[in-house]
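# Summary of structural features
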Amino acid sequence: MSIHQKTIAELAQGLKDKEYSSVEITQHYLDRIKQSDLNAFITVTDELAMSQAQAADDKIAAGTNNILTGIPYAHKDIFCTQGVKTSAGSKMLDNFISPYDASVSHQLNQADTVMLGKANMDEFAMGSSNENSFYGAVKNPWNTDKIPGGSSGGSAAAVAGGLSCFATGTDTGGSIRQPASLCGITGLKPTYGRVSRYGMIAYASSLDQAGPMTKTAQDAAIVLNAMAGFDEKDSTSAEQDVPDYTAHLNNSIQGLTIGLPKEFFSEGLDDGVATEVMNAVKEFESMGATVKEISLPNSAYAIPTYYIVAPCECSSNLSRLDGVRYGYRCDSPENLEDLYLRSRSEGFGAEVKRRIMIGAYALSAGYYDAYYLKAQKTRHLISDDFKKAFDEVDVIMGPVSPTTAFDLGSVKDPVSMYLADIYTLSANLAGLPGMSIPAGFSNKLPVGLQLIGNYWSESKLLNIAHQFQQQTDWHQQMPQED
Amino acid sequence: MEWETVIGLEIHAQLSTKSKIFSSASTQFGQAPNSQACAVDLGLPGVLPVLNVEAVNKAIKFGLAVNAHINQRNIFDRKNYFYPDLPKGYQISQMDLPIVGKGEIEISVGEMTKVVGVTRAHLEEDAGKSVHDMFNEFSAIDLNRAGTPLLEIVSEPDMRSAKEAVAYAKKIHALVQYIDICDGNMQEGSFRCDANVSIRPMGQTELGTRAELKNINSFKFLERAINLEVERQQDILEEGGSVVQETRLYDAVKHETRSMRSKEEANDYRYFPDPDLLPVEISDELLDSIKADLPELPVQKKARFVTDLGLNEYDADVLTSQKSLADYFETMLDGNEKNAKLCANWVMGELSASLNKNQLDIENSPISANDLSQLIARIGDDTISGKIAKDVFKAMWDGEGSADEIIKSKGLKQVTDMGAIEAIIDEIIANNAPQVEQFKSGNEKILGFFVGQAMKASQGKANPKLLNQLLREKLS
């Protein structure tokens, strides 16, 4: 097996056994990135990676290493990284070298990982196809005419395409799970508050959550161990103990009750996707799980609710990008208003501007109650649906995305694009943890199975996913290379 | 037509916390530009606010001190607008659920006292400072002040004159210093007043259209700006015009107000709850412990001065009007309590006059409370007379030493030796036979002559009481 086909667990074993050094595997990945035409990276940090790899090798030699020591990864370009360009996929921050590390960046550094570079993404995490990046679209490694999903499209393509061992992602409405599904990898969006948002450029603060994107559930558990935890710099991070997420991977799932929301299997779901998802559910049944149909009646409001809440928050979150202190500034502004107007008009892409305008409108005097407050109410109803469901079932399963990866440039209407997240948005609105795991192929393109768990049930989700991956080999499939 | 003035005040009190309300940067005043602005204050991408609990505690303190309802669950909102000295493009403030709800405070103007309602008080962060006159082509931004905690205290429109408004502002000003939540420094902008002013025909209940006056940085200017605005509105209304709702900037140099922006130009701030901050939950325990730790409030202190020290209402009111004054007075009382009235007289009389004459605050008095206390003690124990004490005070003011040192070095100790005083009296009686006759024939007033002579002979050091007593005995 080639280095880039190995999981974290396997690479760590090889490093320990001195089969190769971190410098060697890092060089291997850097070479592959150079040869790749997936456009998965905005910035490749070769020199930094090599020095981190050297430091990791020293630790391994000294025996002071941990399981992530020397493991190369792709860091979504939404996490601030000290001394390294942090663009969030936007022209607005094309010149922004962050003077500080995000908490997640810091935690991964503390774990001795090797950052290969900053992964491409939809601008400010707004998009489901990674076509909204100022740095160009990312290609799906399974078929380079297809989108990889978004917004963590670069991260997903990097892992699926063997350009990094794992990647970080962020998920506001599906941005980890949807690209993970479309690229055939494992992605976990933890419970809101599990991973610190400090230094993660905010899109929609009440929905954003960072998580791992990996080859396997076991790897996801290893990376989550490093990412999770209370951070005093983030008031919304939870003061909740971090268990060892690898500890319960091998628990039996005999007697597990799976809920299938009927709303997730209705009109709009591609037949091929439905078939693979149901096959996966059958696999679980054969492993001793029982299946129950449930209803999440308010999930129909997830899209309108999300497209009020997220734009409202982003319209305010992105106000700091004003051309005054950092980031893009228009040429020779005539006065303050001109500086604001042109810097923001020229610096932001179309989808970002669209969402800022929707949000500013929905928050304005006279509309606030009808939009923002109403959306908060439906958000509560959506959460309540899940609360009821989890009285009856242990885990909810369904498709991640209604279709497999679609053609680059094929979806031009923004509202049609918003439908790509129809099954993922609810978990963000409720703050619940969700996963995507590879569950089959339709027309030679990966299909993901979505797992939604109760609050703080990451261990359980990882256990269920790991058990599935012990019985199936979908997660071991890799795209053909020329 | 007779007009009634209606005034409500919005006071911004900077809370005296060490660090900012949402970051760990220092709040110290007067540092090099932008040296106290951290990543959070600069509004860098990805940074998050973390609430400084000290600011919450201080706000609660204020609420309790004005007998207000404390909202034990309160929420931070974002007030969205663009300005270069507002790094995030929004100010974190409190809109619908402020930390402090309805309260009240008593003010007095001359003989009259009245209760002014406090509508609410909420926590918010200050903006930075724009400097427009430093560079030709550019404006400069100093973000040291950005994120400094403010308590915005909003009054009901209960004041009916500029004098009442000033009395209210001074009461709040004294209170925030009493409870140690704000240094009250108006020059440095730690305590700022905006005034909402309107007028209406006497007897009308409906409020007139108001103008908001900004940029007022002293009580004197507050009174002037309000009076100026009342005149302006009267002129408009009496000429048949109508007042426009607007914000007006007070210019102390030109002594005028000018329009800053009208209601139509006002921003739509698109308030919404800040998703980066959790609702503030205040436990009963915290509330109780802050209540228990609350220092004596001015109104309580005043009552105590009257009941325990026997001061009159007026003196007690003056002495408690500023924390620094009350502190000074109370330091003097230490071990000198039986001379409380004398202490009060000296602080309000000799000391205040000298401070005023030299334009000094009591904090900068050249005579410390302990030193003045010693002087009062010497009057109290008859070491010197009140008259001599004034000379000692002058010498102390000029830095010649402590009361005891000056009394000793200048030999001012009162003569209480009966024999010595008798000798002086005998000599005066012997030398002034005609006056002795006058006294004996019933002219009581002539006694003053003998006292004066005796004092002169003793260089003012004779104990007046003893002197009077002995004189009467000898003359009769």
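Since the model is a prediction, treat every value here as computed from it, not as a measurement.

Here is what the cut-offs are and how they apply
- Residues numbered from 1 in each chain as written.
- Chains lettered and ligands numbered in written order.
- Predicted model: local features only at pLDDT ≥ 70, side-chain atom pairs only at ≥ 80, totals over all residues.
- Helix = DSSP H or I, 4+ residues; strand = E, 2+ residues; numbered from the N terminus.
- Rg over C-alpha atoms; globule rule 2.2 N^0.38 Å.
- Buried ≥ 20, exposed ≤ 12 C-beta atoms within 10 Å, placed from the backbone.
- Contact = placed C-beta atoms within 7 Å.
- Pairing = 2+ DSSP bridges.
- Core = buried A, V, L, I, M, F, W, Y, C linked by C-beta atoms within 7 Å.
- Axes fitted to C-alpha atoms, helices over the stretch in contact; angles between N-to-C directions.
- Nonpolar A, V, L, I, M, F, W, Y, C, P; charged D, E, K, R; others polar.
- Domains from an automatic or database assignment.
- Right-handed = clockwise from strand over helix to strand, strands pointing away.
- Expected span 1.5 Å × (residues − 1).
- Parallel < 35°, antiparallel > 145°, perpendicular 65-115°, else oblique.
- Left-handed = near helix turned anticlockwise from the far one by under 90°.
- pLDDT = per-residue confidence, 0-100.

### So, the overall build of chain B
Looking only at helices and strands, chain B has 16 helices and 15 strands in total. The C-alpha atoms of chain B give a radius of gyration of 30 Å, which is well past the 23 Å a tight globule of 476 residues would have. Based on the C-alpha atoms only, the size of chain B along its principal axes is roughly 95 × 55 × 55 Å. Evaluated residue by residue, chain B yields a buried proportion of 39% over its 476 residues. Sequence separation of at least 24 residues holds for 68% of the intrachain contacts in chain B that already meet a minimum separation of 6.

### Focus: the overall build of chain A
A tally of helices and strands in chain A yields 15 helices and 11 strands. Here chain A has a C-alpha radius of gyration of 21 Å; the compact-globule value for 482 residues is 23 Å, and the two agree. For chain A, the C-alpha atoms occupy an extent of roughly 65 × 50 × 45 Å along the three principal directions. Residue pairs at least 24 apart in sequence account for 76% of intrachain contacts in chain A once pairs closer than 6 positions are excluded.

### Observations regarding the sheet that holds strand 4 (residues 90-93) of chain B
All names here are of chain B. Sheet architecture is open: 3 strands sit in the order 4-3-14, paired in antiparallel fashion. This sheet does not close on itself; its edge strands, each paired only once, are strand 4 and strand 14 (272-273). Pairing analysis gives 4 bridges linking strand 3 (residues 77-80) to strand 4, with the strands arranged antiparallel. Bridge pairing links K79 to Q91 in strand 4.

### Overview of the nonpolar core
Nonpolar side chains in soluble globular proteins tend to end up buried together. Formed by 215 residues in total, the largest nonpolar core has its most connected members in L451 of chain A together with A59, F62, A165 and A195 of chain B. The element that contributes the greatest number of residues to this core is helix 3 (residues 162-178) of chain B, accounting for 11 residues. When neighbours within four sequence positions are excluded, F62 of chain B is seen to be in contact with V100, A121, L151, V176, I179 and I181 of chain B. Within the second largest apolar cluster, 31 residues are counted, among which are M332, L372, I376 and V392 of chain B.

### Regarding helix 5 (residues 153-160) of chain A
Residue and element names in this part refer to chain A. Most of helix 5 sits inside the fold, with 8 of its 8 residues counted as buried. If you check which residues of helix 5 are buried, you get G153, G154, S155, A156, A157, A158, V159 and A160. Buried residues belonging to helix 5 abut strand 1 (41-44), strand 2 (72-76), strand 3 (114-119), strand 4 (166-171), helix 6 (177-183) and strand 6 (209-214). A positive phi of about 70 degrees marks G162, the residue just after helix 5.

### A closer look at the sheet that holds strand 3 of chain A
Residue and element names in this part refer to chain A. Spatially, 11 strands are ordered 1-3-2-4-6-5-10-11-9-7-8 in an open sheet, and the strand pairing comes out mixed. The sheet is open, and its two borders are formed by strand 1 and strand 8 (290-294), each paired with just one other strand. Averaged over neighbouring strand pairs, the angle between their axes works out to 30 degrees when direction is ignored. As judged from the 5 bridges shared by strand 2 and strand 3, these two strands associate in the parallel manner. When the bridges of strand 3 are listed, A74 appears paired with G117. Strand contacts of helix 7 (residues 217-227): strand 4, strand 5 (186-189), strand 6 and strand 10 (434-442), with the helix running at about 145 degrees to strand 6, the strand carrying the most contacts. Sheet strands touched by helix 15 (residues 458-471): strand 5, strand 9 (395-399), strand 10 and strand 11 (445-452). Its angle to strand 10, the strand with the most contacts, is close to 20 degrees.

### Remarks on the interface of chain B and chain A
The interface of chain B with chain A comprises 23 residues on the first partner and 34 residues on the second. Sorting the residues of the side of chain B that touches chain A by element identifies helix 1 (39-42) and strand 3 of chain B as the ones contributing at least two each. When the residues that make up the side of chain B that touches chain A are grouped by side-chain class, the tally is 14 nonpolar, 4 polar and 5 charged.

### Topic: the domain arrangement of chain B
It is common to give the size of an interface as the accessible area lost on bringing the parts into contact. Assigned domains within chain B: domain 1 (3-287), domain 2 (296-409) and domain 3 (418-475). Domain 1 of chain B and domain 3 of chain B are separated by 66 Å when their C-alpha centres are compared.

### Looking at the pairing of strand 7 (residues 257-261) of chain A
Residues and elements named next belong to chain A. Here strand 7 pairs with strand 8 via 5 bridges, running parallel. The residue of strand 8 that forms the bridge with G259 is K292. The β-α-β motif built from strand 7, the intervening helix 8 (residues 271-286) and the parallel element strand 8 has right-handed crossover chirality. Pairing between strand 7 and strand 9: 2 bridges, direction parallel. Counted as the bridge partner of I258 is V395 from strand 9.

### A short note on the environment of R261 of chain B
Residue and element names in this part refer to chain B. Inspection of the secondary structure assignment puts R261 in strand 13 (residues 256-262). By C-beta crowding, R261 is classed as partly exposed, having 13 other C-beta atoms within 10 Å. Taking the C-alpha atoms as reference points, R261 and R248, 13 residues apart in sequence, are found 7.3 Å from one another. Residues within four places of R261 in sequence aside, it is in contact with E246, T247 and A266.

### Notes on helix 3 of chain B
Its 17 residues place the ends of helix 3 of chain B 24 Å apart at the C-alpha level, agreeing with the 24 Å of an ideal helix rising 1.5 Å per residue. D180 of chain B sits one or two residues past helix 3 of chain B and shows a positive phi near 60 degrees.

### Looking at the environment of I97 of chain A
Residues and elements named next belong to chain A. Topologically, I97 is positioned in the loop between strand 2 and helix 4 (103-110). On a C-alpha basis, the gap between I97 and C80 in space is 8.5 Å, while along the polypeptide they are 17 residues apart. Setting aside residues up to four positions removed in sequence, I97 forms contacts with G83, V84 and K85.

### Observations concerning the packing of helix 2 (residues 53-65) of chain B against helix 5 (residues 284-293) of chain B
Residues and elements named next belong to chain B. As a packed pair, helix 2 and helix 5 sit with axes 10 Å apart at the nearest point and diverge in direction by 65 degrees. The angle between the axes of helix 2 and helix 5 places the two elements in the roughly perpendicular class. Regarding helix 2 and helix 5, the two cross each other, and that crossing is right-handed. Contacts between helix 2 and helix 5 pair N57, I60, K61 and L64 from the former with L287, I290 and K291 from the latter.

### Focus: the environment of P402 of chain A
All names here are of chain A. Take P402: it is sitting in the loop between strand 9 and helix 13 (414-418). C-alpha of P402 to C-alpha of Y423: the two residues are 21 residues apart in sequence and 7.7 Å apart in space. In this structure, P402 is in contact with G268, L269, D270, V273, L419 and I422, ignoring residues within four places of it in sequence.

### A closer look at unusual backbone geometry
With an omega of 5 degrees, the peptide bond between G150 of chain A and S151 of chain A qualifies as cis. Along the polypeptide, S151 of chain A turns up in the loop between strand 3 and helix 5. Although it is not a glycine, S332 of chain A adopts a positive phi angle of roughly 30 degrees. If you check the backbone angles, N34 of chain B has positive phi at about 65 degrees while not being a glycine. Assignment of secondary structure puts N34 of chain B in the loop between strand 1 (3-14) and helix 1.

### A word on the packing of helix 2 (residues 22-35) of chain A against helix 3 (residues 46-62) of chain A
Residues and elements named next belong to chain A. Their axes nearest at 8 Å, the elements helix 2 and helix 3 cross at an angle of 155 degrees. Here helix 2 is positioned roughly antiparallel relative to helix 3, judged by the angle of their axes. Helix-helix and strand crossings are classified by hand; for helix 2 and helix 3 the assignment is right-handed. Together, S22, V23, T26 and L30 of helix 2 and D46, A49, M50, A53, Q54, A56, D57 and I60 of helix 3 make up the contact between the two elements.

### Focus on the confidence of the model for chain B
The predicted model of chain B has a mean per-residue pLDDT of 92, with 99% of residues at 70 or higher. Among the prediction metrics, the complex's ipTM stands at 0.96, with pTM recorded as 0.91.

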